[in-house]
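If you want the building blocks of each chain, they are given just below.
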Amino acid sequence: NLVFAGSCWEYGYCEGEINEEQNPNKVSIFGLSKLTILSFLEKLSYENNFNYKWARIFFAYGPYQKKQSLICSIWNDIHKGKGNSIKTPYSSQDFIYIEDVCRGILELTNKNVKSGIYNIGSNKLTSIAEIANIIYSHYDLKKPYPNIKKNSVEGFWANNNKLLNLGDFNLKYSIKDGIIKTLNFLDN
């Protein structure tokens, strides 16, 4: 009973809600390398009769992220007085707080369910502009994107139903709660 960390990049270029049955489309080298490992794992599992779960993790964030990550870069811009350096504010992704990712992996580890792919995401699309607004508001600064139109963003997000149907998993952190926990970590 093994759990492996996959990536939402295995789906490639896509938009909208993504479930585990989604076929890959224009996949990057990174996504292809993950798909190759998954294919090898499926073959090994069949030949050696072992159970595996492939956790397709969406856009995880939280403490200890690399300094070039979105939240850290916005935090650095604010604390260094650089101003807003976001280039694609209306790009959107399925951001999920790292503790929720860990809880999803633990759910897969602790449940005796059939082998396969399991999405771990927030099941929600969030724009970079929304994240920037949360961060700026946290520091009592003027929001850089006060007029975000929810329908004007594009991206893809996880359909978590397969994981949610295992019984004990649910998301604990909203995007705002997770960002604030991350900012508090960076501030300390």
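Residues numbered from 1 in each chain as written. Predicted model: local features only at pLDDT ≥ 70, side-chain atom pairs only at ≥ 80, totals over all residues. Heavy atoms only, no water.

(A) A look at the layout of surface pockets. Empty space within the largest pocket amounts to approximately 390 Å³. Considering the residues around the largest pocket, the lining is formed by 17 residues, among which Phe58, Phe59, Ala60, Tyr61 and Gln65 are closest to the centre. If one sorts the elements of the lining of the largest pocket by residue count, strand E4 (residues 59-61) sits on top with 3 residues. In terms of residue class, the lining of the largest pocket is built from 13 nonpolar, 3 polar and 1 charged. (1 Å grid on protein atoms, 1.4 Å probe; cavity = no way out; pocket = protein on both sides within 12 Å on 5 of 7 lines; lining within 4 Å. Points joined across faces, edges and corners; volume = space filled by probe spheres on them. Helix = DSSP H or I, 4+ residues; strand = E, 2+ residues; numbered from the N terminus. Nonpolar A, V, L, I, M, F, W, Y, C, P; charged D, E, K, R; others polar.)

(B) Geometry of helix H6 (residues 175-187). End to end, H6 covers 18 Å across 13 residues, agreeing with the expected 18 Å (1.5 Å per residue, within 8%). Of the residues making up H6, those classed as buried are Ile175, Gly178, Ile179, Thr182, Leu183 and Leu186. The buried residues of H6 occupy an angular sector of 135 degrees when the element is viewed end-on, so they sit on one face. In this structure, the buried side of H6 is in contact with E4, helix H2 (70-79), strand E6 (95-97), strand E8 (126-127) and helix H4 (128-138). (Expected span 1.5 Å × (residues − 1). Buried < 20%, exposed > 50% of the residue type's maximum accessible area, 1.4 Å probe, protein only. Arc of directions from axis to C-beta. Contact = heavy atoms within 4.5 Å.)

(C) Up close: the sheet that holds strand E3 (residues 52-57). Pairing within the open sheet is parallel, and its 3 strands lie in the order E1-E3-E7. Looking at strand neighbours, the two that pair on one side only are strand E1 (2-7) and strand E7 (116-120), the edges of this open sheet. Strand-to-strand twist of the sheet, defined as the mean angle between neighbouring strand axes without regard to direction, takes the value 30 degrees. In terms of strand pairing, E3 meets E7 through 5 bridges, oriented parallel. When the bridges of E7 are listed, arginine 56 appears paired with asparagine 119. The sheet contacts of helix H1 (residues 29-48) involve E1, E3 and E7, and relative to E3 the element is tilted by about 165 degrees. Where helix H3 (residues 98-110) meets the sheet, it contacts E1, E3 and E7, and its direction lies at approximately 155 degrees from that of E7. (Pairing = 2+ DSSP bridges. Axes fitted to C-alpha atoms, helices over the stretch in contact; angles between N-to-C directions.)

(D) Representation of the nonpolar core within the structure. Among the nonpolar cores identified, the biggest contains 36 residues, and Ile71, Ile74, Ile131, Ile135, Ile179 and Leu183 are the most heavily contacted of them. Contributing elements (two or more residues each) for this core: H1, E3, E4, H2, E6, H4, strand E9 (156-158) and H6. In terms of residues, this core owes the most to one element, H4, which gives 7 residues. Contacts of isoleucine 179, omitting those with residues within four sequence positions, involve Tyr61, Ile71, Ile131, Ile134 and Ile135. If you look at the next biggest cluster of nonpolar residues, it comprises 11 residues, including Val113, Tyr118, Ile120 and Phe169. (Core = buried A, V, L, I, M, F, W, Y, C linked by side-chain atoms within 4.5 Å.)

(E) Main features of the pattern of salt bridges. Tallied over the entire structure, the rule returns 5 salt bridges. Measuring nitrogen to oxygen at the nearest pair gives 3.5 Å for the salt bridge that ties lysine 181 to glutamate 99. Here glutamate 99 lies in helix H3 and lysine 181 lies in helix H6, a separation of 82 residues in the sequence. The exposure class assigned to lysine 181 is partly exposed, which follows from its relative accessible area of 33%. The class for glutamate 99 is partly exposed, based on a relative accessible area of 32%. The partner of aspartate 100 in a salt bridge is arginine 103, with the nearest N and O atoms 2.6 Å apart. Separated by 3 residues within a single helix, aspartate 100 and arginine 103 lie in helix H3, roughly one turn from each other. By relative accessible area, aspartate 100 is classed as buried at 1%. (Salt bridge = Lys/Arg side-chain N within 4 Å of Asp/Glu carboxyl O.)

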